[in-house]
Amino acid sequence: MTNILVVADIKQGVLKGSTAELLSKAKELGAATAAVAVGSNVTDLAPQLAAAGSDTQYIADDPSLEIFSAAPFAAAVADAAKAFNADMVWFGFSETGKAAAPRVAVQLEAACATEIIDVAIDGDVVHITRPAIANKVLQKMKINAPKLVAVVRAGAFEADPEVTGTENVVTLDPPEKDMAAAVKELISDASGEIDLADADIVVSVGRGAKDQAGVDLVKDLADDLAAGFGSSRAMVDAGLMAHNKQVGQTGKIVAPSLYVAVGISGAIQHLAGMNGAKVILAVNKDPEAPIFNVADFGIVGNLFDVIPLLKEEIKKIRA
Amino acid sequence: MSPLLMTVLLAVGLGFFARTMYQRILLLTSLEPADRFNRIKDRLKNLVIIAFGQKRLVGRKKERASGIMHAFIFWGFCILLIRSLTLYGHGYVEGFQLPLLGESSFLGYLYLALKDVTEAVVLIMVIYAFYRRLVVRPTRLHNTWEAYLVLALIGVLMVSDLLFDGARFMLITAHGNPADLHYFNNPTFGQEFFWTPVTVAAGHVISGFSAVGLERVMVLMFWVHVITQLIFLNILPFGKHFHVITSLPNVFFKSLDYPHEKIKLLDLEDESVWEDETLGVNHLHQLNWKQGLDLYTCTECGRCKEVCPTYVTDKPLNLHDFNDTLKAELYANADNLILRAKLAGNLTGDAEADAKTKEKMAVFKPEKALVGEVIALDTLWACTTCRACEQVCPVTIEQVPRIIAMRQGQTLMQGEYPEELNTAFKGLERNGNPWGIGYDKRADWAEGLDVKLMADDPNVEYLLWVGCAGSFDDRTQKVSKALVKILKAAGVDFAILGTEEKCTGDFARRAGNEMMYQMMATENIETLNNYKVKKIIAACPHCLNTLKHDYPQMGGHYEVIHHTDFINQLIADGKIRVKKSLGGALTYHDPCYLGRYNGIYDAPRSILAGMSNHGLSELPRHGTESFCCGAGGGRMWMEETIGTRINVERSREIVDEKAETVAVGCPFCLTMIEDGMKELDKDEQVKTRDIAELVAEHLA
């Protein structure tokens, strides 16, 4: 039987959905599952981790772990992996995962694979699948090392609500402090808005919104959808949006499940930043706007008429 | 006058000058080589037209007054140089004359007259220059004490010589020549002073002096003149007036054929270049001697910044400061650079022996990093490579190649470049276009248009080079389609490469990413040469420029024609007819890479004039002085966060001209200006159209 350790993805004390997705997949593969939570005040998350499908919960809970630092984080994960005798360690796709995974792999003398979208176990042999050459091909790899540390691409697996685990908490000693580097402070975007790169839905506003009132209207829609709020370059230039909200060739490149382009004509510089979205919905008064060439769904109309209707419909569906 | 004093003055004055010049020249020889000694005839031609003819000073309408002023001072200097030699001789032998210019020759009299008028003219020009600096105060000028000092010295030179001769005149004519002074006197040509009205007038100014007084004035003015001249000569190399000496050679050594030095084809395979950091310009000593001479020659006239799209829109690139800063750095490190070059001469090619030499050479590194500390990053990356600065520079300084070489250093060696470029580079690497759109979609625009592919018919006469924008950008695809319509109407036998075409690499090269450029160029040239392509119609001036001027360096030799040139020829040959049915006020925006880089100004105008029933009105900044749209030099793929937007500035100019249609001939210009119009909320009133679109619409 394969032992799979899933690293809990915790952001500001909250367990992210990807942890359950990974645990569900591990169970589906028939593996023995464990989860490891590293951080400060994370002991309370143990029942949630159990509910999400882990049968053992390794907890490294220490005030020194409050601010993420790759070395101690990786050390704690490696400790858990050794205690669990894990054959595989899975990280969800996050900056912390990307930073810690190679370190864990080195400590476990394991292979390391990033951005994987599928795992198959055939007896003792593990195969992984991951995209390559700018998503043009899928690469299937056989892992020759006895152990594997993997970073799973966002949305690769689905959480199975039927899956549950049992609570069996193992407390780990806090890892030694990293002598080479100490993270003193974490400075984050204070707006509390959803990060565009992480967001599953992105709503972007363009020139069509004209002014602050227009921006606010579209922002409301984004909030209703719990979406990241982006914009075209014109709105940044106009001073209506911050530069870090700009989606496009010279701004952020996003690939959400749903991209809603409101009042954006779809110049190629903008398309280059969002044409990787799974589903694109465009709202524009100009039926000739190039955004409709890439949109899966289009609404031709004035956004000041369309957005309130959309919001109402969303409310109805939710109710 | 006094052979001893003259000898001392000349020895000190010329000796010190020779020493300074030796140092300056030695510094140039310590820089990288540049091959500028070929084609002497063409170089002399440039020298005559640009330097002696003062083409860029007198030639610009906008600057004509100051241009004429400068030209007269310059020509005056040329004429008075002969006078100076005569005066040096005069120091030894009273009445000394140069061969052919003596009193027995008509030439001697002619020269006297010329010299006389010239001194008056130069004096008037100096007064005008003072007036300009003190009262008119053009913004482009740096009002430094040096400028006033030099003007004052020139004034002193003119006045002292006029008074010297004036005193001679009075002594000879009014006082019976008591000192037995020499003067021209010939039975045929008459007396010297008939030829020199200004001198006579100057003489009358001091007519109140006694004979003794006049003699003193004469002697005093003589030495004042000679000493001032030697001081003048010696301060020249220490400031911006070095151009008095260096501008002639600088023009002589200017680039031929291509408007500036072509970007060097870097050998990326050579491993030592990575170790020695010799890709691009990372250090001062990597400038070549011509670039050093450019710096010596910069006159700080500020014409470059006045026409610079980045300076006008408040970006930190101020070319005259850029030059000044580099020049100061060059001088500050002169000794080290010279020592370093000496050591470099000892390199043998033997790795072990060279390692020691290189170690020693490293000691002579300047304290400050060339880019980052001497030249700020924002300054370096602001440039759109539009060449407006080079086009107006009276002394033909080549700014752009230097900037690109520094970018090469940053991009290749330091990995330091605006991060937005990464997306475009990645797109190029993976899909052959800066947006990174699937390469397989490159020919989608041509679906249903019945356009041949090279693969199907490699024997066609012309290859239509579509370019990335024309292939992928929804807006520019309309231009490609229009062009196809025109070519078909004219019965031109052409094909496209389809998915085999890739970005030419223009922007990558100008952003300093030579590696990416060479990758693109190698693949494209292989494709083109495989099909034995000879003639290419390019729908983008950037593609045109790269195909035409960059690719020959790598073995790609084609006849490349811009679509406006081609269309103009089709009309001239009667292959297509265009109706004169374009209504509304029409203007034309010259793309930099079409105009300033490739000299195509007339073809677009001739097409437009032929179809507009309102005629073509010119923008204030047009032709060689067209104002960049802001997208060249890789700027299309970078964020413009400092100052105001260049495209909006240009669009405003177009709006102010009350144009209803602005014609362009470049996809970048099309995007930028149309975007600027949207920004100004004028996109309904002013339509931005490529010339191909207009022609296709008005085909008879």
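Parameters and conventions
Just so you know, the residues in each chain are numbered from 1, in the order the chain's sequence is written. Here every chain gets a letter starting at A, and every ligand a number starting at 1, in the order they are written. Thresholds applied to this predicted model are a pLDDT of at least 70 for local features of residues and 80 or more for the giving and counting of side-chain atom pairs; totals over whole chains, interfaces and linings are not thresholded and use all residues. Each side-chain value is derived from all of the structure's non-hydrogen atoms; neither hydrogens nor water enter the calculation. Strands here mean DSSP runs of E at least two residues long; helices mean DSSP runs of H or I at least four residues long; both are numbered from the N terminus. Radius of gyration here is computed from C-alpha atoms only, and the compact-globule reference equals 2.2 Å multiplied by the residue count raised to the power 0.38. For the exposure calls, accessible area comes from a 1.4 Å probe over protein chains only, and a residue counts as buried if that area is under 20% of its type's maximum, exposed if over 50%, partly exposed in between. Shrake-Rupley sampling with a 1.4 Å probe provides the accessible areas, and residues are treated as covered by the protein chains on show and by no other component. Residues counted as positive are Lys and Arg, residues counted as negative are Asp and Glu, and His and the chain ends are not counted. Charge positions are represented by NZ for Lys, CZ for Arg, CG for Asp and CD for Glu. Any two strands are treated as partners once DSSP identifies two or more bridges connecting them. In this analysis an axis means a line fitted to C-alpha atoms, helices contributing only their contacting stretch, and an angle means the value between N-to-C directions, from 0 to 180 degrees. In this analysis, two residues are considered to be in contact whenever any of their non-hydrogen atoms come within 4.5 Å of each other. Put simply, buried area is the surface a 1.4 Å probe can reach on two separate parts but cannot reach once they are joined, added for both. Throughout this description, the term salt bridge denotes a Lys or Arg side-chain nitrogen within 4 Å of a carboxyl oxygen of Asp or Glu. Polar contact is defined as a pair of N or O atoms within 3.5 Å, subject to the rule that within protein one atom must be able to donate a hydrogen and the other to accept it, and that residues adjacent in sequence are counted only when both atoms are side-chain atoms. Per-residue confidence from the prediction method is given by pLDDT, with values spanning 0 to 100. In plain words, nonpolar cores are sets of buried Ala, Val, Leu, Ile, Met, Phe, Trp, Tyr and Cys residues tied together by side-chain atoms within 4.5 Å. Aromatic rings from Phe, Tyr and Trp, with only the six-membered ring used for Trp, were paired whenever their centres fell within 6.5 Å, and each pair was classed as stacked if the ring planes differed by under 30 degrees, edge-to-face if by over 60, and tilted otherwise. A ring has a charge above it when a Lys NZ or an Arg CZ is no more than 6 Å from the ring centre and no more than 35 degrees off the ring normal. Any residue with relative accessible area above 30% and no salt bridge may belong to a patch, with like charges joined within 9 Å and the nonpolar Val, Leu, Ile, Met, Phe, Trp and Tyr side chains within 5 Å. Call a crossover right-handed when, viewed with both strands pointing away from you, the route from the first strand across the helix to the second goes clockwise. When describing relative orientation, an angle under 35 degrees is termed roughly parallel and one over 145 degrees roughly antiparallel, while 65 to 115 degrees is termed roughly perpendicular and anything else oblique. Polarity classes work like this: nonpolar for Ala, Val, Leu, Ile, Met, Phe, Trp, Tyr, Cys and Pro, charged for Asp, Glu, Lys and Arg, and polar for all others, with Gly in that last group.

Attention now goes to the overall build of chain A. When its secondary structure is counted, chain A shows nine helices and 17 strands. Relative to the compact-globule value of 20 Å for 319 residues, chain A shows a C-alpha radius of gyration of 22 Å, a close match. Projected onto its principal axes, the C-alpha positions of chain A cover 60 × 40 × 40 Å. Scored against the burial criterion, the 319 residues of chain A give a buried share of 48%. Of the roughly 15600 Å² that chain A leaves accessible, carbon and sulfur atoms contribute 51%. Distance between charge centroids for chain A: 6 Å, based on 27 positive and 41 negative side chains.

Residues and elements named next belong to chain A. The strand order across the open sheet formed by seven strands is β7-β11-β6-β1-β4-β5-β12, and the pairing between neighbours is parallel. Edge positions in the sheet fall to β7 (111-116) and β12 (169-171), since each has one partner strand and no second. Here the strands of the sheet are splayed against their neighbours by 20° on average, with no regard to which way each runs. Taken together, the four bridges between strand β1 (residues 3-7) and strand β6 (residues 88-91) define a ladder with parallel strand orientation. Bridging from a neighbouring strand, Leu-5 pairs with Val-89 of β6.

Okay, the interface of chain B and chain A next. By a widespread convention, an interface's size corresponds to the accessible area lost as its parts come together. Contacts between the two partners involve 20 residues from chain B, matched on the other side by 18 residues from chain A. In total, about 1700 Å² of surface goes out of reach between chain B and chain A, with carbon and sulfur atoms giving 47% of it. Summed over the three residues of chain B that lose the most area to chain A, namely Trp-435, Asp-474 and Glu-639 of chain B, the buried surface amounts to 30% of that side. Taken together, the links from chain B to chain A amount to five salt bridges. One salt bridge in this structure joins Arg-233 of chain A and Glu-679 of chain B, with 4.0 Å as the shortest N-O distance. Linking chain B with chain A are eleven residue pairs in polar contact (both at pLDDT 80 or more), by the criterion used here. The leading source of residues in the side of chain B that touches chain A is helix α20 (residues 420-431) of chain B, at five residues.

Interpreting fine coordinate detail is not advised for predicted regions of low pLDDT. Per-residue confidence for chain B averages 94 on the pLDDT scale, and 100% of its residues sit at or above 70. Scored as a complex, the prediction yields pTM 0.82 and ipTM 0.78.

Here we come to the nonpolar core. Membership of the largest hydrophobic core comes to 139 residues, with the highest contact counts inside it found for Trp-435, Leu-464, Trp-465, Leu-487, Leu-528, Ile-536 and Val-695 of chain B. When sequence neighbours within four positions are dropped, the list of residues in contact with Leu-487 of chain B reads Leu-464, Val-492, Phe-494, Ile-537, Phe-566 and Leu-570 of chain B. By size, the runner-up hydrophobic cluster in this structure holds 29 residues, among which are Ala-76, Ala-81, Ala-110 and Val-151 of chain A.

For the rest of this paragraph, the subject is the side chain of Ser-30 of chain B. Along the chain, Ser-30 of chain B falls in the loop between α1 (3-29) and α2 (40-52). In this structure Ser-30 of chain B touches Leu-337, Ile-338 and Ala-341 of chain B, once residues within four positions along its chain are discounted.

All names here are of chain B. Tallying each qualifying case throughout the model produces 32 aromatic pairs over all chains. Each ring, one from Tyr-258 and one from Tyr-597, has its centre 6.1 Å from the other, and the planes form 50°; the classification is tilted. In this pair, Tyr-258 sits in the loop between α9 (243-252) and α10 (272-275) while Tyr-597 sits in the loop between β7 (586-588) and α27 (602-611), placing the two residues 339 residues apart along the sequence. The two residues Tyr-258 and Tyr-597 agree in class, both being buried. Judged by centre distance (3.9 Å) and plane angle (5°), the ring pair of Tyr-593 and Tyr-597 falls under stacked. Here Tyr-593 falls in the buried class, since its relative accessible area comes to 1%. On the basis of relative accessible area, Tyr-597 is assigned to the buried category, the value being 4%. One aromatic cluster is present, built from ring pairs that chain together Tyr-417, Phe-425, Trp-435, Phe-507, Trp-637 and Phe-668. Sitting over the face of the ring of Tyr-597, Arg-387 holds its NZ or CZ atom 5.7 Å from the ring centroid.

What follows deals with the sheet that holds strand β9 (residues 661-664) of chain B. Residue and element names in this part refer to chain B. Read from one edge of the open sheet, four strands run β8-β7-β9-β10, paired in parallel fashion. Of all strands in the sheet, those with a lone pairing partner are β8 (616-617) and β10 (687-690), marking the two edges. Across three bridges, β7 lies against β9 in parallel orientation. Residue pairing in the sheet places Thr-587 in a bridge with Val-662 of β9.

Now for a negative patch on the surface. Residue and element names in this part refer to chain B. A surface patch of like charges, here negative, comprises Asp-267, Glu-269, Asp-270, Glu-271 and Glu-275. By secondary structure assignment, the location of Asp-270 is in the loop between α9 and α10. The class of Asp-270 is partly exposed, set by a relative accessible area of 32%.

This next bit is on the pairing of strand β16 (residues 279-284) of chain A. Residue and element names in this part refer to chain A. Here β16 lies mainly inside the structure; five of its six residues are buried. Relative to β16, strand β15 (residues 258-262) is paired through five bridges, and the arrangement is parallel. The partner of Val-262 across the bridge, within β16, is Val-283. In the classification by handedness, the crossover that spans β15, the intervening helix α7 (residues 268-274) and the parallel β16 is right-handed. Of the pairings in the sheet, the one linking β16 to strand β17 (residues 297-300) comprises four bridges and is parallel in character. Each bridged residue has a counterpart across the sheet, and for Leu-281 the counterpart in β17 is Phe-297.

With respect to the helices and strands, the residue Arg-645 of chain B is situated in the loop between β8 and α28 (646-656). Sequence spacing of Arg-645 of chain B and Thr-310 of chain B is 335 residues, and the spatial spacing of their C-alpha atoms is 8.8 Å. In this structure, Arg-645 of chain B is in contact with Arg-233 and Asp-237 of chain A together with Thr-313, Glu-639 and Glu-640 of chain B, ignoring residues within four places of it in sequence.

All names here are of chain B. Structurally, Glu-300 is set in the loop between α11 (289-297) and α12 (303-307). No salt bridge is formed by the buried Glu-300; its nearest oppositely charged neighbour, Lys-327, is found at 4.2 Å. The residues contacting Glu-300, other than those within four sequence positions of it, are His-142, Lys-240, His-320, Asp-324 and Lys-327.

Here the focus is the packing of helix α15 (residues 334-344) of chain B against helix α16 (residues 351-362) of chain B. Residues and elements named next belong to chain B. Contact pair α15 / α16: the axes reach a minimum separation of 9 Å and the direction vectors enclose 175°. Considered as vectors, α15 and α16 are oriented roughly antiparallel to each other. Touching Arg-340, Leu-343 and Ala-344 of α15 are Thr-357, Lys-360 and Met-361, all from α16. Looking at the contact of α15 with α16, its residues break down into three nonpolar, one polar and two charged.

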